[in-house]
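Observations on the model geometry
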Amino acid sequence: RNVHGHRSKELSPGLTYTPPFRPRCPVLWPPTKFPASGLEIPTAVAAHLSDGFLQLGIPYRVAIAPVGDKDLAGYWKVMLHDRTSNTPVSLNQVGYGVSQVLPIVGNVLGLHDQTILIQQPERHLHPKLQAELGSVLVTGMQQNRNQMIVETHSEALLLRLRRLIRWGQLKPDE
């Protein structure tokens, strides 16, 4: 069910865990990532990731496409495209923080009616991005009916949540 789980683990039905130590996101995803899915699921995943990146202020949209090489049949290639120039960029060519936030954004915006446990989502992110991630977490809670359990050391993320409560966009008991 969790198509974003290359760095996350579904502990039981309805419960997904994203650990604090996440390896760099691979450029190629194996056939087991989207088994017999056609293009519908990868396209939806790319859309969730692109929406999350836009909300975070990351200037890339995500594209997931089958690899054309017959030796890698069934593999999927993940590429980023600069939003202003449409220049393709490999995941290896962007900052480490992008690959760290990718599984979090994928789970938070791609899963529905789940409990999502996330440890240290702020790792390798600039404080401004940490704050924006707080808004993405709230979006995932409210639009996708997810419950979040987040362990963080980020003052920026916590201050964003407090600000959203003060503005009436998040209830204190949510």
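Here the structure is shown first, and the text comes after it.
The paragraphs below set out a description of the structure included in this document. This one's a predicted model, so the numbers in the text were calculated from it and none came from an experiment.

**Structural notes on unusual backbone geometry**
The backbone of Asn-86 sits at a positive phi, close to 60°, despite the residue not being glycine. Inspection of the secondary structure puts Asn-86 in the loop between strand S5 (76–82) and strand S6 (88–90). Phi angles above zero are rare outside glycine, and Gln-120 is one such case at about 45°. Positionally, Gln-120 belongs in the loop between strand S7 (115–119) and helix H3 (127–144). A residue is classified by how much of its surface remains accessible, and Gln-120, at 17% relative accessible area, is buried.

**Quick word on the layout of surface pockets**
Approximately 200 Å³ is the volume attributed to the largest pocket. Met-141, Met-148, Leu-161, Leu-170 and Glu-174 are, among the 13 residues lining the largest pocket, the residues nearest its centre. Breaking the lining of the largest pocket down by element, the ones donating at least two residues are H3, strand S8 (147–151) and helix H4 (155–166). Across the lining of the largest pocket, the residue classes tally to 11 nonpolar, no polar and 2 charged.

**Brief notes about the packing of H3 against H4**
Axis separation between H3 and H4 bottoms out at 7 Å; the angle between their running directions is 45°. On the basis of their axis angle, the class for H3 and H4 is oblique. When the axes of H3 and H4 are compared, the crossing they make is right-handed. Contacts from Pro-127, Gln-130, Ala-131, Glu-132, Leu-133, Gly-134, Ser-135, Leu-137 and Val-138 of H3 reach H4 at Ala-156, Leu-157, Arg-160, Leu-161 and Leu-164. Each residue belonging to the contact of H3 with H4 can be placed in one class, and the counts come to 9 nonpolar, 3 polar and 2 charged.

**Side note on the pattern of salt bridges**
Across all of its chains, the model carries 3 salt bridges by this definition. Close ionic contact of Asp-113 with Arg-145 constitutes a salt bridge, the shortest N to O distance being 2.8 Å. On the criterion of sequence distance, the pair formed by Asp-113 in the loop between helix H2 (96–110) and S7 and Arg-145 in the loop between H3 and S8 is long-range, its members being 32 residues apart. Accessibility expressed as a relative area gives 51% for Arg-145, which makes it exposed. Residues Glu-132 and Arg-160 are paired through a salt bridge, measuring 3.3 Å at the closest nitrogen-oxygen approach. Taken together, the positions of Glu-132 in helix H3 and Arg-160 in helix H4 put the pair 28 residues apart, joining distant regions of the chain.

**Some details on the environment of Ala-156**
Within the element layout of this structure, Ala-156 appears in helix H4. Setting aside its immediate chain neighbours within four residues, Ala-156 contacts Pro-127, Gln-130 and Ala-131.

**Thoughts on the side chain of Asn-144**
Following the sequence through the fold, Asn-144 ends up in helix H3. Judged by its relative accessible area of 6%, Asn-144 falls in the buried class. Side-chain polar atoms of Asn-144 contact the backbone oxygen of Val-108, separated by 3.3 Å. If sequence neighbours within four positions are ignored, Asn-144 has contacts with Val-108, Leu-109, Gly-110, Leu-111, His-112, Asp-113 and Thr-139.

**Regarding the pairing of S7**
Of the pairings in the sheet, the one linking strand S2 (residues 15–18) to S7 comprises 4 bridges and is parallel in character. Across the sheet, Thr-18 pairs through a bridge with Ile-118, a residue of S7. Relative to S8, S7 is paired through 5 bridges, and the arrangement is parallel. Within the sheet, the bridge partner assigned to Gln-119 lies in S8 and is Glu-151. Between the parallel pair S7 and S8, the chain is carried across by H3, and the sense of this crossover is right-handed.

Rules used throughout
- Residues numbered from 1 in each chain as written.
- Predicted model: local features only at pLDDT ≥ 70, side-chain atom pairs only at ≥ 80, totals over all residues.
- Heavy atoms only, no water.
- Helix = DSSP H or I, 4+ residues; strand = E, 2+ residues; numbered from the N terminus.
- Buried < 20%, exposed > 50% of the residue type's maximum accessible area, 1.4 Å probe, protein only.
- 1 Å grid on protein atoms, 1.4 Å probe; cavity = no way out; pocket = protein on both sides within 12 Å on 5 of 7 lines; lining within 4 Å.
- Points joined across faces, edges and corners; volume = space filled by probe spheres on them.
- Nonpolar A, V, L, I, M, F, W, Y, C, P; charged D, E, K, R; others polar.
- Axes fitted to C-alpha atoms, helices over the stretch in contact; angles between N-to-C directions.
- Parallel < 35°, antiparallel > 145°, perpendicular 65-115°, else oblique.
- Left-handed = near helix turned anticlockwise from the far one by under 90°.
- Contact = heavy atoms within 4.5 Å.
- Salt bridge = Lys/Arg side-chain N within 4 Å of Asp/Glu carboxyl O.
- Polar contact = N/O pair within 3.5 Å; in protein donor to acceptor, adjacent residues only side chain to side chain.
- Pairing = 2+ DSSP bridges.
- Right-handed = clockwise from strand over helix to strand, strands pointing away.

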